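So the chains spell out like this:
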Amino acid sequence: MSFKDLQLIDPLLKAIEEQGYTTPTQVQEKTIPLVLAKKDVITSAQTGTGKTAAFALPILQLLSDKQDAPKRGKKIKALIVSPTRELALQIGNNFKAYGRHTNLRTTVIFGGASIEPQIDVLTKGVDILVATPGRLIDLYKQEVITLEHIEILVLDEADLMLDMGFIDDVKQIESLCPKQKQILLFSATMPFKVEQLANTILNNPERIEVHTTLSSANNIGQVLYYVPKRNKIELCLHLLRNEIIGSILIFRRTKFGVDKLEQTLIKNNYQVETLHGDKSQTDRQTALKKFKSGQVNILVATDVAARGIDINELDAVINFDLPNIPETYVHRIGRTGRAGNSGMSYSFCGADEKAYVQTIQQLLQIQIPVEELHPYPLDPNTKAEIHKSKQTASKHKKGRKSAASRKKKKRWY
Ligand code: AMP
């Protein structure tokens, strides 16, 4: 199938060609016709599948069919709600690139940045607004924007919005838009609460699933290291010294873990940048810029902070902590081996993470090859360690609970 077969208009086909895209991805093939037919759609697809173009192209087409007369001023007709600033910026850039031969205007608003320039652009009028929830509500309350002309609402990375505690904001935003509108919901995973949200606000939606299997990533080598938790840092240093070269993304579960690993790597003379939810917008962008330009070759991040970030040409991913959601493993390792390049993923499994390996292997329907020859093997007689880690886990859980009740809004990602 070609983009022309998707009945896209010439200004979009021209922009697609300029982007160097030759054929639509699976999610684009499935989603674009439904959006053009004005259906509500739920798509489960992760970043990297081309999902942004899957909603951006048909939205640009639907809106360019009926542009405002120049004198009447522009009204926001499509709203894309995105959980993070980085994702919002990426989506905004995509709209601008794909819409460059139309007269449609897109802008991006997000928190943590000066509000005045955003107000200036909005006052001049835009057709398409990409926004993070908090700043959107803020500007709405300040009466800088109105949502009464919204025809299409996109909720991107809905599961991440849920994780980040934005679901009430999203519900509020939806209720501020006209009742009659088209809603497109994208989510990498479909936890119950996202399903619930979809069921309450979408109108007879079409469902699209782009499978998160490794068939699209079979050029990624995978290797699993069983290692005691306390030795993971040493194993990481060992692999960096002896095995892994190039640009490396290391995933840790928590921001504390990210900071701790960063300190150790810096002490060992590695060039490292980090991404987690507590970093300022400027720091996050600087970190990404340095990593993308090759100034540093190691980026340590939490899933939430790294989600959706468009980094191509990664040589390796290290799962320093294994994710408890198997789809997250697929997302992580899918960040390497893109665009036909080969890539490697290295996963460290502590005694308390063995169950995660099982669920990952069930999803992938393969056995991940295990590297047994390394200096920090996990003692096969791991009962003590399992017992110990269970105790620690329950201690942490209790600690987390009380910390959570003390400071409800403190984020861990
Ligand atoms: P996304 O999943 O929207 O974040 O897209 C991931 C990457 O794929 C981005 O760098 C896009 O520019 C690129 N992309 C999107 N659609 C296509 C396509 N049809 N062919 C090649 N690359 C694409």
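Residues numbered from 1 in each chain as written. Predicted model: local features only at pLDDT ≥ 70, side-chain atom pairs only at ≥ 80, totals over all residues. Heavy atoms only, no water.

## As for the overall build of the protein
So the rule is basically this: Helix and strand labels come from DSSP, where a helix needs a run of H or I of at least four residues and a strand needs a run of E of at least two; each type is numbered from the N terminus. Note on exposure labels: buried denotes an accessible area under 20% of the residue type's maximum, exposed denotes more than 50%, and partly exposed covers the range between, all computed with a 1.4 Å probe on protein chains only. Here a residue-residue contact requires only that any non-hydrogen atoms of the pair lie within 4.5 Å. The Shrake-Rupley method, run with a 1.4 Å probe, gives the accessible areas here. Residue values count only the displayed protein chains as cover.
Looking only at helices and strands, the protein has 16 helices and 13 strands in total. A buried classification covers 53% of the 413 residues belonging to the protein. If you take every contact in the protein between residues at least 6 apart in sequence, the share linking residues at least 24 apart comes to 76%. Carbon and sulfur atoms provide 48% of the accessible area of the protein, an area that totals close to 20,100 Å².

## Overview of the sheet that holds strand β8 (residues 220-226)
Rule in force here: Between any two strands, pairing holds if DSSP finds at least two bridges. Axis geometry follows a simple rule: fit a line to the C-alpha atoms, using only the stretch in contact for helices, then measure angles between N-to-C directions, giving values from 0 to 180 degrees.
Pairing within the open sheet is parallel, and its 6 strands lie in the order β8-β13-β12-β9-β11-β10. Sheet topology places β8 and β10 (272-275) at the edges, where each strand pairs with a single neighbour. Within this sheet the neighbouring strands show an average axis-to-axis angle of 20°, counted without direction. Judged from the 7 bridges that link them, β8 and strand β13 (residues 343-349) form a sheet pairing that is parallel. If you follow Leu224 over to β13, its bridge partner there is Ser347. Contacts between helix α11 (residues 255-267) and the sheet are confined to β9 (248-251), β10 and β11 (298-301), with β10 contributing the most and set at about 175° to the helix. Each of β8, β9, β12 (316-319) and β13 is contacted by helix α14 (residues 326-333), which is oriented at about 150° to β12, the strand it contacts most.

## Overview of helix α2 (residues 26-36)
In an α-helix, one turn spans 3.6 residues, which is why side chains three or four residues apart end up on the same side. Of all the positions in α2, only Val27, Gln28, Thr31, Ile32, Leu34, Val35 and Leu36 are classed as buried. On its buried side, α2 packs onto β1 (41-44), α3 (51-64), β6 (182-187) and β7 (206-209). Positive phi shows up at Lys38, right after α2, with a value of about 65°.

## Quick word on the packing of α2 against α3
Rule in force here: Any angle that falls under 35 degrees is termed roughly parallel, while one over 145 is termed roughly antiparallel, one within 65 to 115 roughly perpendicular, and all others oblique. Crossings are classed by handedness, with left-handed meaning an anticlockwise turn of the near helix from the far one by less than a right angle and right-handed meaning a clockwise turn. Note on residue categories: nonpolar means Ala, Val, Leu, Ile, Met, Phe, Trp, Tyr, Cys or Pro, charged means Asp, Glu, Lys or Arg, and polar means any other residue, Gly included.
Direction vectors running N to C along α2 and α3 enclose 25°, while the axes themselves pass 8 Å from each other. Taken together, the axis directions place α2 and α3 in an arrangement best described as roughly parallel. Like other packed secondary-structure pairs, α2 and α3 cross with a definite hand, here right-handed. Counting all contacts with α2, which are made through Val27, Gln28, Thr31, Ile32, Val35 and Leu36, the residues of α3 involved are Lys51, Ala53, Ala54, Leu57, Pro58, Gln61 and Leu62. Classifying every residue of the contact of α2 with α3 by side-chain character gives 9 nonpolar, 3 polar and 1 charged.

## Thoughts on the nonpolar core
Quick reminder of the rule: We define a nonpolar core as any set of buried Ala, Val, Leu, Ile, Met, Phe, Trp, Tyr and Cys residues linked to one another through side-chain atoms lying within 4.5 Å.
Ranked by size, the top nonpolar core spans 39 residues in total, and within it Leu8, Phe55, Leu57, Ile59, Phe95 and Leu184 carry the most contacts. Secondary-structure elements contributing two or more residues to this core are α1 (10-19), α2, α3, β2 (78-81), α4 (85-98), β4 (128-131), β5 (152-155) and β6. Ranked by the residues each element gives to this core, the list is headed by α3, at 9 residues. Sequence-distant contacts of Leu57, defined by excluding residues within four places in its chain, comprise Phe3, Leu8, Leu12, Ile16, Ile32 and Tyr98. Membership of the second largest hydrophobic core comes to 38 residues, among which are Leu87, Leu160, Leu162 and Ala198.

## Regarding the side chain of Arg252
Let me state the cut-off plainly: Here a polar contact means two N or O atoms within 3.5 Å. Within protein one must be a hydrogen donor candidate and the other an acceptor candidate, and residues neighboring in sequence count only if both atoms are side-chain atoms.
Within the secondary structure, Arg252 is located in the loop between β9 and α11. A distance of 3.0 Å separates the side chain of Arg252 from the side chain of Asp321, its partner in a polar contact.

## Overview of unusual backbone geometry
In the Ramachandran plot, Glu157 falls in the positive-phi region, its phi being about 50° despite a non-glycine side chain. Position of Glu157 among the secondary structure elements: in the loop between β5 and α7 (158-163). Overall, Glu157 belongs to the buried group, its relative accessible area being 2%. Phi at Asn204 is positive, roughly 45°, even though this residue is not glycine. Tracing the chain through its elements places Asn204 in the loop between α9 (192-201) and β7.

## Thoughts on the sheet that holds β2
Taken in spatial order, the 7 strands make up an open sheet running β3-β4-β2-β5-β6-β1-β7, and their pairing is parallel. Of all the strands in the sheet, just β3 (106-109) and β7 have a single pairing partner and so form its edges. Taking the axes of each pair of neighbouring strands and ignoring which way they run, one obtains an average angle of 15° across the sheet. Sheet topology places β2 next to β5; 4 bridges connect them, and they run parallel. Counterpart to Ile80 in the pairing with β5 is Val154. Here α4 sits on the sheet in contact with β2, β3 and β4, set at roughly 175° to β3.

Note that every value here comes from positions in space, so none of it alone points to a role or purpose.
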